[in-house]
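# Summary of the model geometry
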Amino acid sequence: MLDLKKIKNNWKAEYEEEIQASSTQLWELISSPSNLELFHPFCKSNLIIKWPGKNSIDELIYLNDIRYIRNFYSWDELKGYSLFIGEKDKGQSYVEWEIFNKNKSVFLKISVYPYFMRNFPRIVSYFPYKLVVIPALENYLKSVIKGINYYLKTKSKIPKNYFGKHKWFS
């Protein structure tokens, strides 16, 4: 049985940024098939297995050839979605994409609850998370959201590693 409360009670990394588009335009982009190929700077390909909506499944192949499967857990039109992501038959991180308005502007927030050391006591996982995992994930999320703004502004695919290489995925 899936225990989201337990998962969300662990470490998380998140990043939010104002989006230079309407919530409808943002939703159309992030809910389109193979969308990561348009704006994700570390994505080599984004293959559809089942699409769209709740229970969607796709495969993200990173620039370094790591393959992650994304299994969509929730799908709330114009508001966002949640999913589990990880290598096939291995640990899965929980991710939430949330579209919201603040000060008459549209924002996107992505939160990641990593599977890494999830079952360890917080005191044991504190330093690995604070010194390595959270900073690396925040940098990653920042690149993804900045890639969304890049695509919405230019209407062209983001160049690979556009905001710099990532030690886990480039």
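See the structure above.
Values in this document were obtained by computation on a predicted structure and should not be read as measured data.

### Description of the pattern of salt bridges
By the definition in use, this model includes nine salt bridges. Of the charged contacts, one joins K109 and E14 as a salt bridge, the two residues approaching to 3.9 Å between their closest N and O atoms. Taken together, the residues K109 in strand β7 (residues 105-113) and E14 in strand β1 (residues 13-19) connect sequence positions 95 residues apart. Judged by relative accessible area, which is 19%, K109 ranks as buried.

### Structural notes on the sheet that holds β7
Spatially, seven strands are ordered β1-β7-β6-β5-β4-β3-β2 in an open sheet, and the strand pairing comes out antiparallel. Pairing within the sheet leaves two strands with one partner each, and these edge strands are β1 and β2 (43-50). Across this sheet, the average inter-strand angle for adjacent strands is 20 degrees, counted without regard to direction. By the bridge criterion, seven bridges tie β1 to β7 in an arrangement that is antiparallel. Among the inter-strand pairings, Y15 is bridged to a residue of β7, identified as I110. Contacts between helix α2 (residues 23-30) and the sheet are confined to β1, β4 (67-76), β5 (80-86), β6 (93-102) and β7, with β6 contributing the most and set at about 160 degrees to the helix. Here helix α4 (residues 122-154) sits on the sheet and contacts β1, β3 (57-62), β6 and β7; the angle it forms with β1, its principal contact strand, is near 20 degrees.

### Quick notes on the packing of α2 against α4
The contact between α2 and α4 brings their axes to 11 Å, and the two run at 110 degrees. Classified by the angle their axes make, α2 and α4 are roughly perpendicular. Residues Q25, L26, L29 and I30 of α2 form the contact with α4, whose own contacting residues are I148, Y151 and L152. Of the residues in the contact of α2 with α4, the class split is six nonpolar, one polar and no charged.

### What about α2?
For α2, the full list of buried residues reads L26, W27, L29 and I30. Seen from one end, α2 has its buried residues packed into an arc of 160 degrees, which puts them on one side.

### Thoughts on the side chain of E59
Summarising the element assignment, E59 is placed in strand β3. A polar contact of 3.2 Å, which involves the side chain of E59, links it to the side chain of R67. Those residues in contact with E59 that lie beyond four places of it in its chain are S45, N46, L47, I49, R67, Y68 and I69.

### Quick look at the environment of Y81
By the secondary structure assignment, Y81 is in strand β5. C-alpha of Y81 to C-alpha of D3: the two residues are 78 residues apart in sequence and 17 Å apart in space. Aside from chain neighbours lying at most four places away, what touches Y81 is W27, I30, F72, S74, W75, V95, E96 and W97. At 2.8 Å, the side chain of Y81 and the backbone oxygen of I30 are in polar contact.

### Side note on α4
At Y129, α4 shows its largest kink, close to 60 degrees. One or two residues past the end of α4 sits K155, with phi positive at roughly 60 degrees.

### Focus: a nonpolar patch on the surface
Residues Y126, F127, L131 and V132 make up a contiguous nonpolar surface patch of roughly 410 Å² in combined accessible area. Here V132 lies in helix α4.

### Let's talk about the pairing of β2
Regular strands have side chains that alternate between both faces of the sheet. Relative to β3, β2 is paired through six bridges, and the arrangement is antiparallel. Residue pairing for β3: K50 is matched across the bridge by I57. The turn linking β2 back onto β3 is made up of six residues, and G53 within it adopts a positive phi angle of 90 degrees.

Rules used in this analysis
Residues numbered from 1 in each chain as written. Predicted model: local features only at pLDDT ≥ 70, side-chain atom pairs only at ≥ 80, totals over all residues. Heavy atoms only, no water. Salt bridge = Lys/Arg side-chain N within 4 Å of Asp/Glu carboxyl O. Helix = DSSP H or I, 4+ residues; strand = E, 2+ residues; numbered from the N terminus. Buried < 20%, exposed > 50% of the residue type's maximum accessible area, 1.4 Å probe, protein only. Pairing = 2+ DSSP bridges. Axes fitted to C-alpha atoms, helices over the stretch in contact; angles between N-to-C directions. Contact = heavy atoms within 4.5 Å. Parallel < 35°, antiparallel > 145°, perpendicular 65-115°, else oblique. Nonpolar A, V, L, I, M, F, W, Y, C, P; charged D, E, K, R; others polar. Arc of directions from axis to C-beta. Polar contact = N/O pair within 3.5 Å; in protein donor to acceptor, adjacent residues only side chain to side chain. Bend = angle between axes of the 7 residues up to and from the residue. Patch = residues over 30% accessible without salt bridge, like charges linked within 9 Å, V, L, I, M, F, W, Y side chains within 5 Å. Areas by Shrake-Rupley, 256 points an atom, 1.4 Å probe, with all protein chains shown as cover.

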